Amino acid sequence: MHDRELYNAKMPAACFLLFFAHGLVFSSWASRIPVIKNALSINEAELGTLLLLMPVGQLSTMVLAGKLISRYGSSQVIKSCFLFYPVFLLLIGISPSYWVLGAVLFFFGVSGNLCNIAMNTQAIEIETMTKRTLLSSYHGAWCFAGLAGALVGLLMININVDTFYHFIFIFILVAGLWLYCRQHLTNIIHKVEPQTQSIFKSVNPTLVGLGIIGFLSMAIEGAMFDWSGVYFQTIVKAPEKLVILGYTSFILMMTLGRFVGNRVIEKYGKKTVLQGCGILMSSGLFLSIFFPELWVCIIAFMIIGLGGSLSVPSVYSAVGQVSTVAPSIALSFVSSISFLGFLMGPPLIGYIAEGFDLRYSYGLFACFGILLTVIAGQMKIFRNKG
């Protein structure tokens, strides 16, 4: 299935750049949300609804993405569909109304998730061909693109560049990366038996377990993305100019952790790494709860970021070891369950915080880290292979 002759030395770098390009598109949209909100006079409730449409679009591609990639190969899907993602970014920039923006965001989510699953499938194929652990650095590229996109967005806003022209710049940059990368992709089509082509006809307990681990990890990750600033503002009582340090310390360590994560996973194995990730995330959250001081919480959020850095890459990499299901379909299933955590985690924190206190919310999510550690220790897929 993975003939060495199909491999060339530029494949790992090309895949790395694809993850960077994907992250750049997403972070560019995120950097402009306040501007777009004001331009279309969108209130908080309407914005909340809009932000749900993108993940709904992402989840709607769970079956489609797996089948397309299984039938045509991840490289063909990347070659044919990747540019739709920055195209919909352009359409966001010229959306004239709330309803048009909602429709565009839905398809922005559809195209983004299709690219995401194709990229991760490509990465798993390259890992299998090279017998190296690479997914962590690829996810690190996505995080680094998040930082780069945020900085570019900040610059564009400060020099009064219109949103559409900002997005044109991103489109040209991403299109250039895509033109280079499409020449250096694997061209593998997985020939699988019909019964292995549908998760829903034969639920695989291993994939469910991996999905749950991904769910728990991404719930914590989503909570940090959306609530770290609020935590520093309301619980830590940080000065206004220092509120951003919570998110910054988290994302910085997540990015650094993913770039060094390949060697860590290869040395200690996925089981040990996942258990360590759960312990780190749980410890960091508990530390921030019991000692809500500025510098303690900065360190605590760095610990959470380090723990979150390797959990999802380890889960996605393990998907390639499940031989009973086509990799693309298996990855679609696991990534969709995982992403539900990213989607449901932040609202859950809000509901608990509204009734009690934000620290109670963080306490529950600290328990998610403990549960992740326990589940990773019990899964058979990790027992023999680490």
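Everything quoted here is computed from the prediction, not taken from an experiment. (Residues numbered from 1 in each chain as written. Predicted model: local features only at pLDDT ≥ 70, side-chain atom pairs only at ≥ 80, totals over all residues. Heavy atoms only, no water.)

Asks: So what exactly am I meant to see when it comes to the packing of aromatic side chains here?
Replies: Any aromatic ring pair is given by two values, namely how distant the centres are and how the planes are angled relative to each other. Summed over all chains, the structure comprises 15 aromatic pairs. Each ring, one from Phe26 and one from Trp142, has its centre 5.6 Å from the other, and the planes form 35°; the classification is tilted. Here Phe26 is found in helix 1 (residues 11-31), whereas its partner Trp142 is found in helix 8 (residues 135-158), with 116 residues between them in sequence. Under the relative-accessibility criterion, Trp142 is labelled partly exposed at 25%. A centroid spacing of 6.0 Å and a plane angle of 40° characterise the contact between Tyr231 and Phe301, whose relative ring orientation is tilted. Of this pair, Tyr231 sits in helix 10 (residues 205-234) while Phe301 is found in helix 13 (residues 294-319), placing the two residues 70 residues apart along the sequence. Every member of this aromatic cluster is reached through a ring pair, and the members are Tyr231, Phe232, Phe301 and Tyr362. (Phe/Tyr/Trp six-rings, centres within 6.5 Å; stacked < 30°, edge-to-face > 60°. Helix = DSSP H or I, 4+ residues; strand = E, 2+ residues; numbered from the N terminus. Buried < 20%, exposed > 50% of the residue type's maximum accessible area, 1.4 Å probe, protein only.)

Asks: What is the right way to read the pattern of salt bridges from this model?
Replies: Pairing between side chains becomes possible if they bear opposite charge and their charged atoms approach one another. For the structure on display, the rule yields two salt bridges. The salt bridge partner of Glu221 is Arg258, with a shortest N-O separation of 3.9 Å. Taken together, the positions of Glu221 in helix 10 and Arg258 in helix 11 (residues 245-268) put the pair 37 residues apart, joining distant regions of the chain. Residue Glu221 is classed as buried on the basis of its relative accessible area, which comes to 10%. By relative accessible area, Arg258 is classed as buried at 4%. For Arg359, the salt bridge is made with Asp357, and the minimal N-O distance between the two is 3.2 Å. Owing to a relative accessible area of 34%, Arg359 belongs among the partly exposed residues under this scheme. (Salt bridge = Lys/Arg side-chain N within 4 Å of Asp/Glu carboxyl O.)

Asks: Looking at this structure, how should I read the confidence of the model for the protein chain?
Replies: Any residue range with low pLDDT should be treated as having predicted coordinates unsuitable for detailed reading. For the protein chain, per-residue confidence averages 84 on the pLDDT scale, and residues scoring 70 or more make up 91% of the total. Under a pLDDT of 50 for its full length, residues 1-5 has, in the predicted model, 10 contacts with residues more than four places off or in other chains. Across residues 193-197 the pLDDT falls below 50, and counting only partners more than four positions away or on other chains, this stretch makes six contacts in the model. (pLDDT = per-residue confidence, 0-100. Contact = heavy atoms within 4.5 Å.)

Asks: Is there a simple way to explain a nonpolar patch on the surface in this structure?
Replies: Together, Val87, Leu91 and Ile94 make up a nonpolar patch on the protein surface, roughly 210 Å² of accessible area in all. For Ile94, the location among the structural elements is in the loop between helix 6 (84-93) and helix 7 (98-130). (Patch = residues over 30% accessible without salt bridge, like charges linked within 9 Å, V, L, I, M, F, W, Y side chains within 5 Å. Areas by Shrake-Rupley, 256 points an atom, 1.4 Å probe, with all protein chains shown as cover.)

Asks: I tried to follow the packing of helix 10 against helix 12 (residues 270-290) on my own but got confused; where do I start?
Replies: Angle between the axes and distance between the axes are the two parameters that describe a pair of packed helices. Helix 12 packs onto helix 10 with a crossing angle of 30° between their chain directions and a minimal axis gap of 12 Å. Between helix 10 and helix 12, the crossing angle belongs to the class labelled roughly parallel. Considering how the two elements wind past one another, helix 10 and helix 12 form a crossing that is left-handed. Here Ile213, Ser217, Ile220, Met224 and Tyr231 of helix 10 come into contact with helix 12, specifically with Leu274, Met281, Leu285, Ser288 and Ile289. Taken together, the residues of the contact of helix 10 with helix 12 break down into eight nonpolar, two polar and no charged. (Axes fitted to C-alpha atoms, helices over the stretch in contact; angles between N-to-C directions. Parallel < 35°, antiparallel > 145°, perpendicular 65-115°, else oblique. Left-handed = near helix turned anticlockwise from the far one by under 90°. Nonpolar A, V, L, I, M, F, W, Y, C, P; charged D, E, K, R; others polar.)

Asks: Would you mind showing me how to read unusual backbone geometry here?
Replies: With glycine set apart, most residues show a phi of negative sign, and most peptide bonds adopt trans. Of note, the phi angle at Ser41 is positive, near 55°, even though the residue is not glycine. As for its position among the elements, Ser41 is in the loop between helix 2 (33-39) and helix 3 (44-60). Its identity as a non-glycine residue notwithstanding, Lys237 has a phi of 60°, on the positive side. By the secondary structure assignment, Lys237 is in the loop between helix 10 and helix 11. Residue Lys237 is classed as exposed on the basis of its relative accessible area, which comes to 64%.

Asks: Even after reading the chapter, I still don't get the state of the cysteines, so can you show me in this structure?
Replies: Put plainly, two cysteines are in a disulfide when a covalent bond ties their sulfur atoms together. Enumeration over the complete set of coordinates arrives at zero disulfides. Cys181 carries a free sulfur, and the closest cysteine sulfur to it, the one in Cys15, is 8.3 Å from it. In this structure Cys297 is a free cysteine whose sulfur lies 18 Å from that of Cys367, the closest cysteine sulfur available. The class of Cys297 is buried, set by a relative accessible area of 0%. (Disulfide = S-S within 2.5 Å.)

Asks: Could you clarify how one ought to interpret helix 9 (residues 163-181) in this entry?
Replies: Each α-helix turn comprises 3.6 residues. Residues three or four places apart therefore point the same way. Look at helix 9: 27 Å from first C-alpha to last across 19 residues, which is about the 27 Å you get at 1.5 Å a residue. Restricting attention to buried positions, one finds in helix 9 the residues Thr163, His166, Phe167, Ile170, Val174, Ala175, Leu177, Trp178 and Cys181. Along the long axis of helix 9, the arc covered by the buried residues comes to 165°, so they all point the same way. Exposed positions of helix 9 whose direction lies more than 90 degrees from the buried face are Tyr165 and Ile172. On the buried face of helix 9, the contacting elements are helix 1, helix 2, helix 5 (74-81), helix 6 and helix 8. Here helix 9 starts with a cap whose side-chain oxygen sits 3.0 Å from the backbone nitrogen of Phe164, and that cap is Asp162. (Expected span 1.5 Å × (residues − 1). Arc of directions from axis to C-beta. Polar contact = N/O pair within 3.5 Å; in protein donor to acceptor, adjacent residues only side chain to side chain.)

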